[in-house]
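These are the residues of each chain, in order.
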Amino acid sequence: MKNRWRKILPFFKKRRKSLFAIIPALIIGAVVFITLLDNVRTDTYDIQRFAVSEETIRSPITIENKQETDQRIREAVDAVPDRYSISEEVTEERLNYINEIFEAVFKVKEEHDEDAEDAIEDIYQEEAVELKALLSEEISSEISEDIFIILLQQPDTALEEAEKLFSEALEEVLNKGIRVENIQSGITNVERAISYSDLNEDLQGALIELADFAVVENSFFDYEETAQEKKDAATLVDPVIIRAGETIVREGQTITNEIYEQLELVGVLSQDGNIYPILALGFLAAVIAYFFGYESFQIAKNRNWSILPIIATVLLSALAIFIMKIQSVFFDQSNALYLVTPIAAIAILLKILISDRTAIRLSILYAILAAFMFNNYIAGMLHVEAAIYFLFSQLAAIVLMKKISERLVILKTAIGLILIHSAVIILFLFLSFEKYTWFDVFLYIGFGIAAACLSAILAIGILPLFESFLGTLTDMKLLQLSNPNQPLLKKLLVEAPGTYHHSVMVANISETACEAVGANGLLARVGSYYHDIGKTVRPGFFIENQMKNKNPHDLLPPKESADIIIRHTTDGANMLKAHKMPKEIIDIAKQHHSNSLVQFFYVKAKELNPETDEADFRYPGPKPETKETAIICICDSVEPAVRSLQDPTPEQIDSIVSGIISSKISDGQLDNSPLTLRELKTIQHSICDSLKGIFHSRIQYPKEEGDK
């Protein structure tokens, strides 16, 4: 068993830094998966036909009801009447027949003399026979001689009027189309036109008999046009779609066959769970976990592999997911309660506790989760408005929190959030197709105002917890520690005024240098204030506090003097721990001298005893592990060196700063710091500029007579 652990432990030690990404990623991935499981999983129901539904059931998916669509298509197709096409050839043929009859009648009447009244019947009989001989066989075979005789007996004016009337009536009827089933109605229409005319009864009777011959079928079934019409009708039928979220059955409603088939279609009756949404959720959780793990790794890397910022990030992310989940329980399509969610509080805390970059990146992840979280538990739906609202809310909070000088800045940020929330809500309302009353507008804006206020209250309430229990150092905490009324700073000012002045000078120089390379200037300033707090234990043993007093080191052996000087780092660290100061400040107190050599007393001891061990005159360290501590280490050596000069020139300042930095590099005092050579060059220029501004040459004013 021991051998197995011996093999496993080195494996974890080699991959210790990877755990800063893997563990937070697994935690957040699991939280996302568990939280969103209800939002993507479809509930199933054991319901029988004609039973009463115990709850309202909505469709979890958007799907076409093909059975209903097919039924509507059949109804639309059946509603299309048969299409008929009128044969112009038949129409023209029948009109020509009528024209032929009247032309033949006029021709026969012109060829015969009708003066003999006693033989008139025989004459008309002969003329009728002659007339039939002139006409087409179809006409002569269909029309009786009696009709011809009546026509031959009529005067020309009556015949002309009869021909015009009959042709117009026949053409009108035929143009409307005559089918087999309405031939009689067509004949009736022609007869009606004749009967309403001023023609004599005999002529009307002949024309009515002629109508039976003239009116025939001229409208025939058009298969191609009918088929095309039915096809067009089927195409115009919209598919019957059951939308995701659409109510299929309400609570207390009877489950009819139609409703049962719809429930079966959307899959809520199937007892076989659909695994695809679960797989998709797993993929989503894995993607979010990956990005969260990557961000956690970057946070740990930038914070000297401290686990506390990672814990804070995981807790805040879990809190954001928890807040959204709780709010989604009360959210419904009929309300807009997602607008009340104080998600901006998380963005504010991430900016204060971690960084702007982390706050922005995680805000995007929270917005994506909101789209799934507020889908009203309908699988496949996304609430895009909630995602956009959350994203704007968080980004606005990050941008508005420009400079964190006091906790009241959060309240000022809330005022800006109110304006942003109101603008986004009004934008949603204007873009919506739904009609909203003024009451709705003010209600939703009130939700946005509530969210801004809750975000500020939540941020102010939670921030001290992270500062205290997690030991997270924030800018606001640093600003509190920089107050001169802090007990330790007052102690330093009263008991070691020279050290206090030195600390203030180092603070000014190191802050500027840190900002030049992107380090935390405020941390460097506050850390500089406390870095020499250990000198208050024996302030008189440090030259800056001796004023014109006798130097006590003159009476002590070099080794004892060196021990007193070296001990101020551990004394300071112990004092800071006793006052529960942040770890970052304590580390600065311990590391600001690295493992440097107390050169003055070492040389004196060497003169007395050549066998003196150099290690006895070195600070215990550890070496600076952050940019801020390394910069303070440099500035702590540079400031007294330049101050010791009498009217230092810019050239002297450049030479001293360059020499001190070079000696620290060559002595390995900066080996554990993340500073690069390029950054050290930038730091050197910044320190030189600051010192030249402090120790600039002054005008020598002439003394008046009598002055000493």
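Here, every reference points to the structure presented above.
Just so it is clear, the structure is predicted and the values come from calculations on it, not from any experiment.

The next subject is the packing of aromatic side chains. For the coordinates displayed, the defined rule picks out eleven aromatic pairs. A centroid spacing of 6.0 Å and a plane angle of 50° characterise the contact between Tyr389 and Phe390, whose relative ring orientation is tilted. Phe390 sits in the buried class, given a relative accessible area of 0%. An aromatic cluster of at least three residues, connected via ring pairs, comprises Tyr338, Phe374, Tyr389 and Phe390. Positioned above the aromatic ring of Phe213, the side-chain terminus of Arg94 is 4.6 Å from the ring centre. A cation over a ring is seen here: Arg179 above Tyr84, with NZ or CZ 4.3 Å from the ring centre.

Moving on, we get to the environment of Pro342. Looking at the element boundaries, Pro342 is found in the loop between helix H14 (308-330) and helix H15 (344-353). Residue classification places Pro342 among the buried residues on the basis of a relative accessible area of 12%. Sequence separation between Pro342 and Leu454 is 112 residues; the distance between their C-alpha atoms is 5.6 Å. Other than its neighbours up to four places away in sequence, Pro342 contacts Ile323, Ala451, Leu454, Ser455 and Leu458.

Let us look at unusual backbone geometry. With an omega of 5°, the peptide bond between Gly621 and Pro622 qualifies as cis. Mapped onto the elements of the fold, Pro622 is located in the loop between helix H26 (599-608) and helix H27 (627-643). Positioned with a positive phi, Phe50 is a non-glycine residue whose angle comes to about 65°. Inspection of the secondary structure puts Phe50 in the loop between helix H2 (19-40) and strand S1 (57-58).

Turning to the packing of helix H7 (residues 145-153) against helix H10 (residues 201-214), a few remarks are in order. At their nearest, the axes of H7 and H10 sit 9 Å apart, and the two run at 140° to each other. Here H7 is positioned oblique relative to H10, judged by the angle of their axes. In this structure, the crossing between H7 and H10 has a hand that is left-handed. Contacts between H7 and H10 involve Ile147, Ile150 and Leu151 on the former and, on the latter, Asp202, Leu203, Ala206, Glu209 and Leu210. Its residues assigned to classes, the contact of H7 with H10 shows six nonpolar, no polar and two charged.

Here Glu679 lies in helix H29 (residues 677-694). Considered as a pair, Glu679 and Val517 are 162 residues apart in the sequence and their alpha carbons are 6.1 Å apart. Those residues in contact with Glu679 that lie beyond four places of it in its chain are Val517, Lys627 and Pro674. A polar atom in the side chain of Glu679 sits 2.9 Å from the side chain of Lys627.

Assignment of secondary structure puts Thr226 in helix H11 (residues 223-236). In this view, Thr226 contacts Pro81, Asp82, Arg83 and Phe221; residues no more than four positions away in its chain are not counted.

Before going further, it helps to spend a moment on the state of the cysteines. For the structure shown, the criterion picks out zero disulfides. Of all cysteine sulfurs in the structure, the one in Cys635 sits closest to Cys514, which takes part in no disulfide; the separation is 7.5 Å. Judged by relative accessible area, which is 0%, Cys514 ranks as buried.

With that out of the way, let us pick up the nonpolar core. Core analysis: the biggest nonpolar cluster contains 73 residues, and Met324, Tyr338, Phe374 and Tyr389 have the highest contact counts within it. At eleven residues, helix H19 (residues 438-469) tops the list of elements feeding residues into this core.

This brings us to helix H28 (residues 650-666). Between the first and last C-alpha of H28 there are 24 Å, a value that for 17 residues agrees with the 24 Å anticipated at 1.5 Å per step. For H28, every residue scored as buried is listed here: Ile653, Ile656, Val657, Ile660, Ile661 and Lys664. An end-on view of H28 places all buried positions within 120° of arc, on one side of the element. In H28, the exposed residues that point more than 90 degrees away from the buried face are Glu651, Ser655 and Ser666. Immediately beyond the C-terminal end of H28, within one or two residues, lies Gly668, with a positive phi of roughly 75°.

Turning next to the packing of H15 against helix H17 (residues 384-400). Contact pair H15 / H17: the axes reach a minimum separation of 8 Å and the direction vectors enclose 35°. Judged by the twist between their axes, the crossing of H15 over H17 is right-handed. Between H15 and H17, the contacting residues are Ala344, Ala347, Ile348 and Lys351 on the first element and Ser393, Gln394, Ala397 and Ile398 on the second. Among the residues making up the contact of H15 with H17, the classes are represented as five nonpolar, two polar and one charged.

Turning next to the pattern of salt bridges. In total, this model carries 22 salt bridges according to the counting rule given. Two residues, Arg179 and Glu181, come together in a salt bridge whose shortest N-O distance is 2.7 Å. The network of salt bridges with common partners includes Glu93, Arg94 and Glu138.

With that out of the way, let us pick up a negative patch on the surface. Taken together, Glu110, Glu111, Asp156 and Glu160 make up a surface patch of like negative charges. Inspection of the secondary structure puts Glu110 in helix H4 (residues 88-111). By relative accessible area, which is 68% here, Glu110 ends up exposed.

The rules behind the values
Residues numbered from 1 in each chain as written. Predicted model: local features only at pLDDT ≥ 70, side-chain atom pairs only at ≥ 80, totals over all residues. Heavy atoms only, no water. Phe/Tyr/Trp six-rings, centres within 6.5 Å; stacked < 30°, edge-to-face > 60°. Buried < 20%, exposed > 50% of the residue type's maximum accessible area, 1.4 Å probe, protein only. Lys NZ or Arg CZ within 6 Å of the ring centre and 35° of its normal. Helix = DSSP H or I, 4+ residues; strand = E, 2+ residues; numbered from the N terminus. Contact = heavy atoms within 4.5 Å. Axes fitted to C-alpha atoms, helices over the stretch in contact; angles between N-to-C directions. Parallel < 35°, antiparallel > 145°, perpendicular 65-115°, else oblique. Left-handed = near helix turned anticlockwise from the far one by under 90°. Nonpolar A, V, L, I, M, F, W, Y, C, P; charged D, E, K, R; others polar. Polar contact = N/O pair within 3.5 Å; in protein donor to acceptor, adjacent residues only side chain to side chain. Disulfide = S-S within 2.5 Å. Core = buried A, V, L, I, M, F, W, Y, C linked by side-chain atoms within 4.5 Å. Expected span 1.5 Å × (residues − 1). Arc of directions from axis to C-beta. Salt bridge = Lys/Arg side-chain N within 4 Å of Asp/Glu carboxyl O. Patch = residues over 30% accessible without salt bridge, like charges linked within 9 Å, V, L, I, M, F, W, Y side chains within 5 Å. Areas by Shrake-Rupley, 256 points an atom, 1.4 Å probe, with all protein chains shown as cover. Lys, Arg positive; Asp, Glu negative; His and termini not counted. Charge placed at Lys NZ, Arg CZ, Asp CG, Glu CD.

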